[in-house]
Each structure stands twice: as C-alpha cells, then as structure tokens.
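So the chains spell out like this:
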Amino acid sequence: MRRVDAMQAVYPDLERCVVVTIMGAVAAELQSIGHRPNFFYLQHAMGLASSMGLGVALSRPELQVVVFDGDGSVLMNLGGLTTLARYRPRNLIHVVFDNESLLSVGGFPTATATGSDLTAIAAGAGIQRTVTVRTLDEFRASFAEALAANDLTTIVAKVEAVGPSGYVTDLSLLENRYQFQRYMKNLHNKE
Amino acid sequence: MTLSQIRMPVSVSSSKLIYDCLKAAGVRIVSALPETWLVHLIRMAEDDAEMTLVRLAKEEEGVGISAGAHLAGVKSAMLMQNHGFLASVNGIVSCAQLYRIPLLMLISHRGEFGERDPWQTEGGGVTEHVLHALRIPYDRLDSEEHVGRRIAKAQTLAYSASKPVALLLCRDLMWEE
C-alpha cells in the first residue's frame, strides 16, 4: 500500500473532518490530492501532530479530528500515546503511516524496521481501539469503522517507503495556519 | 503516605491567586506535569468542572495541545517546571514560534537562591538565558501584589504578538519557608 493511495481512499470522508498531518511527504501528498481549509500540516515539531490533534479534539468535541502521523514522528512522542489514552477523545482518529523509515532524510530505518510494533505500543499505552492494516481495503474498512465507532482509534497503516520528489509546496505555513483557524472559527459561528 | 499527607510549604494563597487570574483570563485548558511548587495549582484545575486539565507525560506535548486549542478557539496555559521548559524548546520553536501561536507558559523557577535540592541547581541558572535566546518575553512573579496584573498583561502580549510568553513562578511567591 502506498500512503498517497491510502489518503486518497479516505479523502471523501475528510471533507467533514478536521485534519492535522505531520511534515514532509504526508503533507505534500495530501496537498497533491487536494488541499482543503480544514487541513493543517505541522511542517516541523516532529511528534507534536498527535498532541495538536488532542488539543483540537478536547477543545471542540463536536468536530471529528483525524491525525495523519508517521512512524518517525510517533517514535519521538511515545509518551503522547499515554496522554491520548488517558483522555480518550472520542472524536479523534490517529492514523500512523508506518514505512519503517525516515524517508525524507534519506530513508534511514526507524525502530519499526527492527521489530518495534507501534500498534502494540499504542495498545500498551492504553488506547482501547488499535489495528494494523496492510492493504488499501483494510485501511478503508478500518477508517470507516473508526468513524462509526465514535471512539479514539489508532490505525497503524503499513505503507511502502515511497514519497514525492519534493516537500515544499505553494501553501505557506502561516497561510495554512490562519486558514485552518478561520475554518474552525466559522464553524463555531454557524452553530 | 499519600500526597496530601506530605507536608510541603507550597503557598496555597499564591496558588489560588494565580489560578483565579488564569480563570479570569479565560483559560479553559491547562496542561501540566506535576512538580512540587505546582501541586495546588494542578489540584485546583482538577477540581474545577470548568477547566480541562491535561496531565502530560512530557512537557513538550503541552505545546502541541495549546497550539491545537488555540486554533480551535480555546484559551490555554501550560504549567511546568523550568526543566520542563528546557525539555520543550524544540516544540516552542518549531511549533509555537514557527506558526505564531500565543502560548502562556507558567514556569516554576527552581534552582535560584534558597534552593536546597542539589539536582535543581543547574536549571535555575540557565532558564532566563534560554528565554532570552529564544526571544520569549517574560516576567517574574515573586510577590502576590503584581500577580494579577502580570498574568493579564502577559496574556495580552501573547495574543497581540501571537507568540509564546513566560511567567516565572519564583520562590518568594510559591514557597512559604
């Protein structure tokens, strides 16, 4: 499974979600499918995308939050999994694209290449709903189940270590940040 | 021995004052990692139905949580020791500063004059230098008389400048000994 295909497979569902992604390939690929104002790309601060997702989820329980994380990023903030589990935001789906490498800096293998199991780590941290998926069909089904379950779910999607040729896009960081904030503010005002 | 049985001369009145100022400033999410000087503040947040307390595994998570909360329209504050601030520097720079996130950091300033714990003595000496290096505006809270004004003014600047600010909770305010 390629990560870009996985994101494409659930892209229609993302329209009604608030999405926080990590930097690099994930951000560039989601933008290549099509940027939306409800997508925020944390282009640095490795590890904190899941914490940002938690901050949004706790602040706005009426919104469905989706975090697109990666193995390298989640390994930098394993403690954050225990915080996610402790507060168990029902409106957060935590997808970890695990390509077993730090692709954007040369493909060096991460610890998931040598046996560390992020699904088991998430379950051990206390997250009740965890799953590993290896095919597009499995990913699509587990994402739909997570949406329907209305509960914190960590989906570890094993993906190929392939990505785009570059990571800088036309969307500036601050433009994305203010657009994303305004999107959530306008939703608030409509209620 | 439970936590409440350990006698620690942390000022309840100063903690209450700080907490009330955070409430008055509209703070509704507090992220925290326990440290001695923060025990009352954390308990007040926990006991307050209007406040969401997020207990962290590591302080840097709090930067992400505050960033998410801010973009979602909720005011927050971070409670941490100065060593927690030191552990959060990358998140402060590459999330909060890079993305112009107002961040209200309340940092217990261990390791200054009067510190008895040998393990706290390095952090106190570098905290203000690191704040300077990061160009983070900060002020010291060392007397109850200016707590209210300084918290309100710090938050005002955090929002007008869209950047992290810090308040150092000092020994003379927090420790009654």
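Everything below is about the structure printed above this text.
In short, a report on the structure. Note that the coordinates shown come from a computational prediction; the quantities given were computed from them, not determined experimentally. The numbering scheme is per chain: residues are counted from 1 as the chain's sequence reads. Each chain is given a letter, starting from A, and each ligand a number, starting from 1, according to the order in which they appear as written. Per-residue local features are limited, in this predicted model, to residues with pLDDT of at least 70; the limit for side-chain atom pairs, both in listing and counting, is 80 or more; totals at the level of whole chains, interfaces and linings are taken over all residues. Heavy atoms from the whole structure form the basis of all side-chain values; hydrogens and water molecules are not counted.

## Description of empty space enclosed by the protein
Residue and element names in this part refer to chain B.
Here is step 1 of the chain: Here the term cavity refers to a set of points on a 1 Å grid, laid over the protein atoms alone, in which a 1.4 Å probe fits but cannot get out; the term pocket refers to an open set having protein on both sides within 12 Å along at least five of seven lines, with lining residues being those that place an atom within 4 Å of a point. Grid points are joined across faces, edges and corners, and a volume is the space filled by probe spheres set on the points. Counted by the stated rule, this structure contains one cavity of 30 Å³ or more.
Here is step 2 of the chain: Here the largest cavity defines a volume of roughly 40 Å³.
Here is step 3 of the chain: What lines the largest cavity is simply S76, P102, L103, L104, Q155, A158 and Y159.
Here is step 4 of the chain: Put simply, DSSP H or I for four residues or longer makes a helix, DSSP E for two residues or longer makes a strand, and each gets a number counted from the N terminus. Elements with a minimum of two residues in the lining of the largest cavity: strand 4 (103-108) and helix 7 (144-161).
Here is step 5 of the chain: Top contributing element to the lining of the largest cavity by residue count: helix 7, with three residues.
Here is step 6 of the chain: The residue classification treats Ala, Val, Leu, Ile, Met, Phe, Trp, Tyr, Cys and Pro as nonpolar and Asp, Glu, Lys and Arg as charged. All others, Gly included, are polar. Of the residues assigned to the lining of the largest cavity, the class counts are five nonpolar, two polar and no charged.

## As for the packing of helix 1 (residues 12-24) of chain B against helix 7 of chain B
Residues and elements named next belong to chain B.
Here is step 1 of the chain: Here the axes come from fitting lines to C-alpha atoms, over the contacting stretch only for helices, and the angles between their N-to-C directions go from 0 to 180 degrees. With their axes 9 Å apart at the nearest point, helix 1 and helix 7 run at an angle of 20° to one another. By the criterion of interaxial angle, the relationship of helix 1 to helix 7 is roughly parallel. For the pair helix 1 and helix 7, the sense of crossing is right-handed. When helix 1 is examined against helix 7, the residues S13, S14, L17, I18, C21 and L22 are found in contact with a partner set consisting of E144, V147, G148 and I151.
Here is step 2 of the chain: Among the residues making up the contact of helix 1 with helix 7, the classes are represented as six nonpolar, three polar and one charged. Just so you know how the angles are binned, under 35 degrees is roughly parallel, over 145 roughly antiparallel, 65 to 115 roughly perpendicular, and the rest oblique. Left-handed describes a crossing whose near helix is turned anticlockwise from the far helix through less than a right angle; right-handed describes the clockwise counterpart. We call two residues contacting when some pair of their heavy atoms lies within 4.5 Å.

## Quick look at the interface of chain B and chain A
Here is step 1 of the chain: At the interface, 29 residues of chain B touch 29 residues of chain A.
Here is step 2 of the chain: The term buried area means the drop in 1.4 Å probe accessible area that two parts suffer when joined, counted for both and summed. Overall, the association of chain B and chain A removes approximately 2200 Å² of surface from exposure, summing both partners, and the carbon and sulfur fraction of that is 66%.
Here is step 3 of the chain: A side-chain nitrogen of Lys or Arg and a carboxyl oxygen of Asp or Glu constitute a salt bridge if their distance falls within 4 Å. Our count for the contact surface shared by chain B and chain A stands at zero salt bridges.
Here is step 4 of the chain: Within 3.5 Å is the distance limit for a polar contact, defined as a pair of N or O atoms, with the added protein rule that one can donate a hydrogen and the other accept it, and that residues adjacent in sequence qualify only through two side-chain atoms. Applying the counting rule to chain B against chain A returns eleven residue pairs in polar contact (both at pLDDT 80 or more).
Here is step 5 of the chain: Elements supplying a minimum of two residues to the side of chain B that touches chain A: strand 2 (52-55), helix 3 (60-71) and helix 5 (89-97) of chain B.
Here is step 6 of the chain: For the side of chain B that touches chain A, the per-class residue count stands at 17 nonpolar, eight polar and four charged.

## Here we look at the layout of surface pockets
Here is step 1 of the chain: In this model, the largest pocket occupies a volume close to 290 Å³.
Here is step 2 of the chain: As for the largest pocket, its lining consists of 19 residues, and the residues nearest its centre are I22(A), M46(A), L102(A), L103(A) and S104(A).
Here is step 3 of the chain: Of all the secondary structure elements, the ones that give two or more residues to the lining of the largest pocket are helix 2 (25-34), helix 4 (71-75) and strand 5 (101-102) of chain A.
Here is step 4 of the chain: With three residues, helix 4 of chain A is the single largest residue contributor to the lining of the largest pocket.
Here is step 5 of the chain: By residue class, the composition of the lining of the largest pocket is ten nonpolar, seven polar and two charged.
Here is step 6 of the chain: Here the second largest pocket defines a volume of roughly 190 Å³.
Here is step 7 of the chain: Lining the second largest pocket are T36(B), W37(B), R110(B), G114(B), E115(B), R116(B), D117(B), R171(B), D172(B), W175(B) and E177(B).
Here is step 8 of the chain: For the lining of the second largest pocket, the residue count by class is two nonpolar, two polar and seven charged.

## Some details on the pairing of strand 3 (residues 76-81) of chain B
Along any regular strand the residues' side chains alternate between the sheet's two faces.
Residue and element names in this part refer to chain B.
Here is step 1 of the chain: The buried count for strand 3 comes to six of six residues, which makes it a mostly enclosed element.
Here is step 2 of the chain: Here's how the labels work: a residue is buried when its accessible area is under 20% of the maximum for its type, exposed when over 50%, partly exposed in between, all with a 1.4 Å probe on protein chains only. Neither face of strand 3 is exposed, since S76, M78 and M80 on one face and A77, L79 and Q81 on the opposite face are all buried.
Here is step 3 of the chain: Strand direction decides the pairing type here: strand 1 (residues 29-32) and strand 3, joined by four bridges, are parallel. Within strand 3, the residue paired with V30 across the bridge is A77.
Here is step 4 of the chain: Strands are treated as partners if at least two bridges between them are detected by DSSP. Across four bridges, the pairing between strand 3 and strand 4 is parallel. Counterpart to Q81 in the pairing with strand 4 is S108.

## A short note on the environment of Q31(A)
All names here are of chain A.
Here is step 1 of the chain: Locating Q31 in the fold gives a position in helix 2.
Here is step 2 of the chain: Since its relative accessible area comes to 14%, Q31 is described here as buried.
Here is step 3 of the chain: It is 20 Å that separates the C-alpha atoms of Q31 and I93, two residues lying 62 residues apart in sequence.
Here is step 4 of the chain: Contact partners of Q31, with chain neighbours within four places excluded, come to Y41, Q43, T169 and L171.

Remember, this is a structural readout, not a statement about activity or role.
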